[in-house]
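Chain by chain, the residues run as shown.
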Amino acid sequence: QVQLVESGGGLVQAGGSLRLSCAASGSIFSIDTMGWARQAPGKQRALVATIESGSSPNYADSVKGRFTISRDNAKNTVDLQMNSLKPEDTAVYYCFVLTVDTAHLNEYYWGQGTQVTVAS
């Protein structure tokens, strides 16, 4: 089993910045993809950013140029630097990972989420 713990959420004014962090622990052989998704009130959960092992990051159009995802493979962590925040960014942010076990089987794991509120 893999556990994910997010941190760094909170309240910020429009135009401000926050940095979210996610740490994976437990029985992990390797992690292929790490990423973030968010869910705003009344909306579906949507991908925000992903980063695959040995590849370049991918971003939703709504956050390109403002958010930066990074990962530390040695620590099994992934961060999301959020700049120029907008009220539309208000949501619960969820960290997820796609793991690979010793049998080369993949499985997704999700964190419990952290609230990000952007006030105008």
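See above for the structure.
Residue indices begin from 1 for each chain and proceed along its sequence in written order. Since the coordinates come from a predicted model, pLDDT governs what is reported: local features require at least 70, and pairs of side-chain atoms require 80 or more to be given and counted, while whole-chain, interface and lining totals use all residues. Excluding hydrogens and water, the side-chain values take into account all heavy atoms of the structure.

A. Quick look at the nonpolar core. The set of buried Ala, Val, Leu, Ile, Met, Phe, Trp, Tyr and Cys residues whose side-chain atoms join them within 4.5 Å is what this entry labels a nonpolar core. Buried means the residue's accessible area, taken with a 1.4 Å probe over protein chains only, is under 20% of the maximum for its type, while exposed means over 50%, and partly exposed covers the values in between. Counting 28 residues, the largest nonpolar core has L4, W36, V48, F67, L80, M82 and Y93 as the members making the most contacts within it. A run of DSSP states H or I qualifies as a helix once it reaches four residues; a run of E qualifies as a strand once it reaches two. Both are numbered from the N-terminal end. Contributions of two or more residues to this core are made by strand 1 (2-7), strand 3 (18-26), strand 4 (30-39), strand 5 (46-52), strand 7 (67-72), strand 8 (77-82), strand 9 (91-100) and strand 11 (114-119). Contacts are residue-level and defined by heavy atoms, with any inter-residue pair within 4.5 Å sufficient. The residues touching Y93, leaving out its near neighbours within four places in the chain, are E6, L20, W36, A37, R38, V48, F67, L80, M82, G113, T114 and V116.

B. Fine view of the pattern of salt bridges. We define a salt bridge as a side-chain nitrogen of Lys or Arg found within 4 Å of a carboxyl oxygen belonging to Asp or Glu. Going through the model one piece at a time under the given rule, you end up with four salt bridges. D89 serves as the salt-bridge partner of R38, at 2.9 Å between the closest nitrogen and oxygen. Pair noted here: R38 is in strand 4 and D89 is in the loop between strand 8 and strand 9, with a separation of 51 residues, a long-range link. A single burial state applies to R38 and to D89, both of which are buried. Taking the shortest distance from any N to any O, the salt bridge between D61 and K64 comes out at 3.1 Å. Within this structure, R38, R66 and D89 form a network of salt bridges that share partners.

C. Quick look at the side chain of Q81. The topology assignment puts Q81 in strand 8. Within the structure, the side chain of Q81 is placed 3.0 Å from the side chain of R19, a separation counted as a polar contact. Between N or O atoms, a polar contact is any pair within 3.5 Å; within protein, one atom must be a potential hydrogen donor and the other a potential acceptor, and residues adjacent in sequence are included only when both atoms are from side chains. Engagement of the side chain of Q81 in a polar contact is seen with the side chain of N83, the distance being 2.9 Å. Among residues more than four places away in sequence, those in contact with Q81 are S17, L18, R19, R66, F67 and T68.

D. Representation of the environment of S17. Note on placement: S17 falls in the loop between strand 2 (10-13) and strand 3. Through-space distance from the C-alpha of S17 to that of S84 is 6.2 Å; in sequence the pair is 67 residues apart. Setting aside chain neighbours within four positions, we find S17 in contact with V12, Q81, M82, N83, S84 and L85. At a separation of 2.9 Å, a polar atom in the side chain of S17 contacts the side chain of N83.

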